[in-house]
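So the chains spell out like this:
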Amino acid sequence: MSGVSLSAEGYVVDAQLLAHAFGVSLEAVRAEMRDGMITSRCETGVGTDEGRSRMTFYRGDRAFRIVVSTDGTVLSRSTFPVVPSRGEQ
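Calculation rules
- Numbers given for residues are sequential positions, taken from 1 along each chain in its written order.
- Given that this is a predicted model, residues contribute local features only at a pLDDT of at least 70 and side-chain atom pairs are listed and counted only at 80 or more, while totals for whole chains, interfaces and linings are drawn from all residues.
- Only heavy atoms go into the side-chain values, all of them from the structure, while hydrogens and water stay out.
- The numbering of helices and of strands both runs from the N terminus, where a helix is a DSSP run of H or I of at least 4 residues and a strand a run of E of at least 2.
- Throughout, the radius of gyration refers to the C-alpha atoms, and the reference size of a globule is 2.2 Å times the residue count to the power 0.38.
- Think of it in three bands: residues with accessible area under 20% of the maximum for their type are buried, residues over 50% are exposed, and the middle band is partly exposed, with areas taken using a 1.4 Å probe on protein chains only.
- Only heavy atoms enter the contact rule, under which two residues are in contact if any of them lie within 4.5 Å.
- Interaxial angle, 0 to 180 degrees, is taken between N-to-C directions of lines fitted to C-alpha atoms, where a helix line uses only the stretch in contact.
- Our angle categories are set so that under 35 degrees counts as roughly parallel, over 145 as roughly antiparallel, 65 to 115 as roughly perpendicular, and the remainder as oblique.
- Put simply, Ala, Val, Leu, Ile, Met, Phe, Trp, Tyr, Cys and Pro go in the nonpolar bin, Asp, Glu, Lys and Arg in the charged bin, and everything else, Gly too, in the polar bin.
- Note on terminology: a nonpolar core comprises buried Ala, Val, Leu, Ile, Met, Phe, Trp, Tyr and Cys residues joined through side-chain atoms within 4.5 Å.
- Should DSSP find at least two bridges between two strands, the strands are regarded as paired.

Visitor: Mind showing me how you'd approach the overall build of the protein here?
Guide: Along its length, the protein carries two helices and six strands. Ordered by position from the N terminus, the helices and strands of the protein form the series β-β-α-α-β-β-β-β. Expected size for 89 residues packed as a compact globule is a radius of gyration near 12 Å; at 13 Å, the protein falls within 12% of this value. Looking at the protein as a whole, 28% of its 89 residues qualify as buried. Contacts spanning at least 24 positions in sequence make up 27% of the contacts within the protein whose residues lie at least 6 apart.

Visitor: It is not clear to me how the packing of helix 1 (residues 15-22) against helix 2 (residues 26-34) should be interpreted in this structure. Could you clarify?
Guide: The geometry of a pair of packed helices is captured by two quantities: the angle between their axes and the separation between those axes. Where helix 1 meets helix 2, the axes come as close as 8 Å, and the angle between the chain directions of the two elements is 105 degrees. Considering their axes alone, helix 1 and helix 2 lie roughly perpendicular with respect to each other. Contacts between helix 1 and helix 2 involve Ala15, Gln16, Leu18 and Ala19 from the former and Leu26, Val29 and Met33 from the latter. Looking at the contact of helix 1 with helix 2, its residues break down into six nonpolar, one polar and no charged.

Visitor: Explain the nonpolar core here, please?
Guide: The nonpolar side chains of soluble globular proteins are, as a tendency, buried together. If you look at the biggest cluster of nonpolar residues, it comprises 15 residues, and the most contacted ones within it are Val4, Val13, Leu18, Phe57, Phe64 and Ile66. When contributions to this core are tallied by element, the ones reaching two or more residues are helix 1, strand 4 (52-59) and strand 5 (62-69). With five residues, helix 1 is the largest single contributor of residues to this core. In contact with valine 13, not counting residues within four places along its chain, are Gly3, Val4, Leu18, Met55, Phe57 and Ile66.

Visitor: It is not clear to me how the pairing of strand 2 (residues 10-13) should be interpreted in this structure. Could you clarify?
Guide: Working note: regular strand, side chains alternate between the two faces of the sheet. In this structure, strand 1 (residues 4-7) lies alongside strand 2, joined through four bridges in antiparallel fashion. By the bridge assignment, valine 4 is partnered in strand 2 with valine 13. Following strand 1, the chain reverses through two residues before pairing antiparallel with strand 2.

Visitor: What should I look at first to understand the side chain of serine 53 in this one?
Guide: Of note, serine 53 is situated in strand 4. Under the relative-accessibility criterion, serine 53 is labelled buried at 7%. Each residue touching serine 53, except ones within four places of it in the same chain, is listed here: Tyr11, Glu43, Thr44, Ile66, Val67 and Val68.

Right under this line is the structure:
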């Protein structure tokens, strides 16, 4: 399993995938998502990226990004540091 599936409401990302990416427990992911400490953004590709979606999850100073095809196949994944915006410093 890729950890990503497609439902009628959109993509569903397995919390275990996020736990692994951020190096925390499954329980921590669930609690932090519930408390708004892990947030996400989903973008739909256009032009040469049509047929792909990019989901980025943010936790503190780290981000985890997954690019998937329309059927939920993971095309790439990466983690990287995030620099806080001026308003958050």
